[in-house]
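These are the residues of each chain, in order.
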Amino acid sequence: MQFNLRSAYAIYRREMARAFRTAFQSILSPVLTTSLYFVVFGSVIGARMEPVAGVPYGAFIIPGLLMLTLLGETTSNASFGIYMPRFTGTIYELLSAPVGVAETLAGFVGAAATKGLILAAIILATAIAVVLPDFPADKRSTVIGITGATGALGAVVGPALGAVLTDVWSWRGIFWIN
């Protein structure tokens, strides 16, 4: 059987439309939560701690907070997109179409990765605005590079991890990630 790109793209579009319909909970909520972490731990507590090897505490926590948010959100987005139609009884739409497992996974995981990249860009901009002024000018480009690479890695690893967890374990596995 040949890979049906059109059906994978249709699933991808449907998942992206769902993400934008629920933008408050799928995009704004994680950005707001991570921004509060940046403010509390990066600026308030970080200002009271001494830099270690010339790296301020706020810079130290940016990659960790970015990965925490991206892995949790992309995993739960991919798993939720697969589980929710089954829960609401609309899975028959997907099951009645001539769509294979590869197309289904490509659509769901691709949409979750795209949402993860959108989240990474917004969170990175927030982190730069909140924490970057604490850095010396010569280290800012390094911090932006490391944080950007961390965001991209989380956006790619998260959906794949969510797909593996739901396939190997069950949909309940996503709750062990969060």
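Residues numbered from 1 in each chain as written. Predicted model: local features only at pLDDT ≥ 70, side-chain atom pairs only at ≥ 80, totals over all residues. Heavy atoms only, no water.

Draft legend 1. Examining the packing of aromatic side chains more closely. Evaluation of the coordinates by the stated rule reveals 1 aromatic pair. Each ring, one from Y9 and one from Y12, has its centre 6.2 Å from the other, and the planes form 20°; the classification is stacked. You can see Y9 and its partner Y12 sitting in helix α1 (residues 5-21), 3 residues apart, about one turn around the helix. The partly exposed category is assigned to Y9, whose relative accessible area is 46%. (Phe/Tyr/Trp six-rings, centres within 6.5 Å; stacked < 30°, edge-to-face > 60°. Helix = DSSP H or I, 4+ residues; strand = E, 2+ residues; numbered from the N terminus. Buried < 20%, exposed > 50% of the residue type's maximum accessible area, 1.4 Å probe, protein only.)

Draft legend 2. Quick peek at the side chain of R18. When you line up the elements, R18 lands in helix α1. Judged by its relative accessible area of 15%, R18 falls in the buried class. At a separation of 2.8 Å, a polar atom in the side chain of R18 contacts the side chain of E15. Residue contacts for R18: discarding those within four places in its chain leaves N77, F80, G81 and K115. (Polar contact = N/O pair within 3.5 Å; in protein donor to acceptor, adjacent residues only side chain to side chain. Contact = heavy atoms within 4.5 Å.)

Draft legend 3. Spatial organisation of the side chain of K115. Relative to the elements of secondary structure, K115 occurs in helix α5 (residues 101-131). For K115, the contacting residues outside a window of four places in its chain are E15, M16, R18, A19 and N77.

Draft legend 4. View of the confidence of the model for the protein chain. In this model, the protein chain carries a mean pLDDT of 76, and residues with pLDDT of at least 70 account for 85%. Summarising per-element confidence for the protein chain, the mean pLDDT is lowest in helix α4 (residues 91-96) (60) and highest in α1 (88). (pLDDT = per-residue confidence, 0-100.)

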